[in-house]
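# Reading the structure
For reference, the chains in residue letters:
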Amino acid sequence: MLGLFSSLDCSLDVFFVEALLNGVLLAGLLALLALGLNLIFGVIDVVWICYAELVMIGMYAIFYFVQVAGIPLPLSFLLAIGLVACAGTILHYLVIRPVLDQPPINQLLVTGGVLFLLQAAATMAFGIEFRNLGIRLGSVNIGDMSFAWSRIITFAVALGAMILLWQFLTRTYIGTAIRAISQDRQIMPLMGVDQKKIYLATSAIGGGLAGLAACLMVLQYDIYPQIGLQFGPLTFMICVLGGLGNMVGGFVAAFIIAQFITIGGSCVATEWGYAVAFLFFMLVIFVRPQGLFGAKS
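Let me begin by describing the structure that accompanies this report. As the structure is a prediction and not an experimental result, all values here were calculated from the model.

### A closer look at the overall build of the protein
Helices and strands together make up the secondary structure of the protein, namely eleven helices and two strands. Order of helices (α) and strands (β) in the protein, N terminus to C terminus: α-α-α-α-α-β-β-α-α-α-α-α-α. At 20 Å, the protein has a C-alpha radius of gyration in line with the 19 Å of a compact globule built from 297 residues. Along the first, second and third principal axes, the C-alpha atoms of the protein reach 60 × 50 × 35 Å. With 297 residues in all, the protein has 44% of them scored as buried. Carbon and sulfur atoms form 70% of the exposed surface of the protein, whose accessible area is close to 14500 Å². Distance between charge centres in the protein, computed from 11 positive and 12 negative side chains, equals 14 Å.

### Structural notes on helix H4 (residues 73-96)
With 24 residues, H4 extends 32 Å from end C-alpha to end C-alpha; this agrees with the ideal 34 Å at 1.5 Å per step. Residues of H4 that are buried: Ser76, Phe77, Ala80, Val84, Ala85, Gly88, Leu91, His92 and Ile96. Turning to H4, the residues buried within the fold contact helix H2 (14-44), helix H3 (51-68), helix H5 (104-126) and helix H8 (195-217).

### Overview of the packing of H2 against helix H7 (residues 173-183)
The interhelical angle for the contact between H2 and H7, taken along N-to-C directions, is 65°, at an axis separation of 7 Å. In this structure, H2 contributes Leu39, Gly42 and Val43 to the contact, and H7 contributes Ile178, Ile181 and Ser182.

### Overview of the packing of helix H6 (residues 149-171) against H8
In the contact formed by H6 and H8, the axes pass within 10 Å of each other and the chain directions differ by 165°. For the element pair H6 / H8, the angle class is roughly antiparallel. The handedness of the crossing between H6 and H8 comes out as right-handed. Residues Thr154, Val157, Ala158, Ala161, Leu165 and Phe168 of H6 pack against Ile205, Leu209, Leu212 and Leu216 of H8. For the contact of H6 with H8, the residue count by class is nine nonpolar, one polar and no charged.

### Focus on H2
The end-to-end C-alpha separation of H2 is 45 Å, in line with the 45 Å expected for 31 residues at 1.5 Å each. The buried fraction of H2 is high, at 25 of 31 residues. Asp45 sits one or two residues past H2 and shows a positive phi near 65°.

### Let's talk about the side chain of Ser150
Structurally, the position occupied by Ser150 is in helix H6. Ser150 sits in the buried class, given a relative accessible area of 10%.

### As for the environment of Ala34
With respect to the element layout, Ala34 can be found in helix H2. Residues Ala34 and Met56, spaced 22 residues apart in sequence, show a C-alpha to C-alpha distance of 15 Å. Residues within four places of Ala34 in sequence aside, it is in contact with Thr235, Ile238 and Cys239.

### What about the packing of aromatic side chains?
For the structure shown, the criterion picks out six aromatic pairs. Relative to Phe126, the ring of Tyr60 lies with its centre 4.1 Å away and its plane at 10°, an arrangement referred to as stacked. Placement of the pair is Tyr60 in helix H3 and Phe126 in helix H5, with a sequence separation of 66 residues. Judged by centre distance (4.9 Å) and plane angle (40°), the rings of Phe260 and Phe280 are tilted. With a gap of 20 residues between them, Phe260 in helix H10 (residues 247-267) and Phe280 in helix H11 (residues 270-287) connect regions that are remote in the sequence. Residue classification places Phe260 among the partly exposed positions, given a relative accessible area of 25%. Judged by relative accessible area, Phe280 falls into the partly exposed class, the value being 24%. We note Arg97 situated over the ring of Tyr93; from NZ or CZ to the ring centre the distance is 4.2 Å.

### Notes on the pairing of strand S1 (residues 139-142)
Bridging between S1 and strand S2 (residues 145-148) involves four bridges; their strand directions are antiparallel. Looking across to S2, one finds that Asn141 is bridged to Ser146. The antiparallel pairing of S1 with S2 creates a hairpin that spans two residues between the two strands, and Gly143 there sits at a positive phi of about 65°.

### Regarding a nonpolar patch on the surface
On the surface, a cluster of nonpolar side chains totalling about 560 Å² of accessible area is made up of Leu279, Met282, Leu283, Phe286 and Val287. With respect to the helices, strands and loops of the structure, Val287 is situated in helix H11.

About the cut-offs
Residues numbered from 1 in each chain as written. Predicted model: local features only at pLDDT ≥ 70, side-chain atom pairs only at ≥ 80, totals over all residues. Heavy atoms only, no water. Helix = DSSP H or I, 4+ residues; strand = E, 2+ residues; numbered from the N terminus. Rg over C-alpha atoms; globule rule 2.2 N^0.38 Å. Buried < 20%, exposed > 50% of the residue type's maximum accessible area, 1.4 Å probe, protein only. Areas by Shrake-Rupley, 256 points an atom, 1.4 Å probe, with all protein chains shown as cover. Lys, Arg positive; Asp, Glu negative; His and termini not counted. Charge placed at Lys NZ, Arg CZ, Asp CG, Glu CD. Expected span 1.5 Å × (residues − 1). Contact = heavy atoms within 4.5 Å. Axes fitted to C-alpha atoms, helices over the stretch in contact; angles between N-to-C directions. Parallel < 35°, antiparallel > 145°, perpendicular 65-115°, else oblique. Left-handed = near helix turned anticlockwise from the far one by under 90°. Nonpolar A, V, L, I, M, F, W, Y, C, P; charged D, E, K, R; others polar. Phe/Tyr/Trp six-rings, centres within 6.5 Å; stacked < 30°, edge-to-face > 60°. Lys NZ or Arg CZ within 6 Å of the ring centre and 35° of its normal. Pairing = 2+ DSSP bridges. Patch = residues over 30% accessible without salt bridge, like charges linked within 9 Å, V, L, I, M, F, W, Y side chains within 5 Å. Salt bridge = Lys/Arg side-chain N within 4 Å of Asp/Glu carboxyl O.

This is the structure we're talking about:
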């Protein structure tokens, strides 16, 4: 026990500041993942437990496009985003739509089944080997601090995607309909809004965001069938912490959790960072079961 506390040498020095800023950069990716899942839940009212597996599909697609088909990386990114957007639409049409009126436990079990199906399919198709594109972007040094360019690019792109999505939701007819249905599903059909089309559009946008996250993650992480298990529970925890369906809440929660992970990993060990993050999550849910920004039922 004394050894644990003796390792807590994170005073307000350059290493603490570096961990703090790396937490901000990590939060961009986590917020992007939570944004797609929150958008889908806010409109369709179904939690896609298999959302991180859509990201995994996108990562494998990029690897295949670049390493096997020889397609340039930028075009591979665009193709992967389109592919995962289509996968999100197909998932909604074949799996989610039939259980929309079923109890939540049935919806969770169905999407959980898709999770294991996609993992098993990826394992059979690609094996359990870790793969990567071999891209090394280097890092930028500021004094004694070092920040990976991959994380800086990820943060900038994720922030830009969030701003563009907000503009889409507030300035277009489909975006306005998406926000309206998320607020009142019963009255919107009476105003001439086709819910089925909005659901499909939302699923496509959510899938597209998962595809964009895949593009950013291949710059930092290896590709393997179980990568969804690394980010899936974390994404779901962020969504619940911020308030399911609350996109602003998910954004704030992503920054909180990212700081626990990076600062905890810098002070002690990465595993302790995750442990403290989940402990904080449990304590908050005991006090506010609806999340930090969720409305009381």
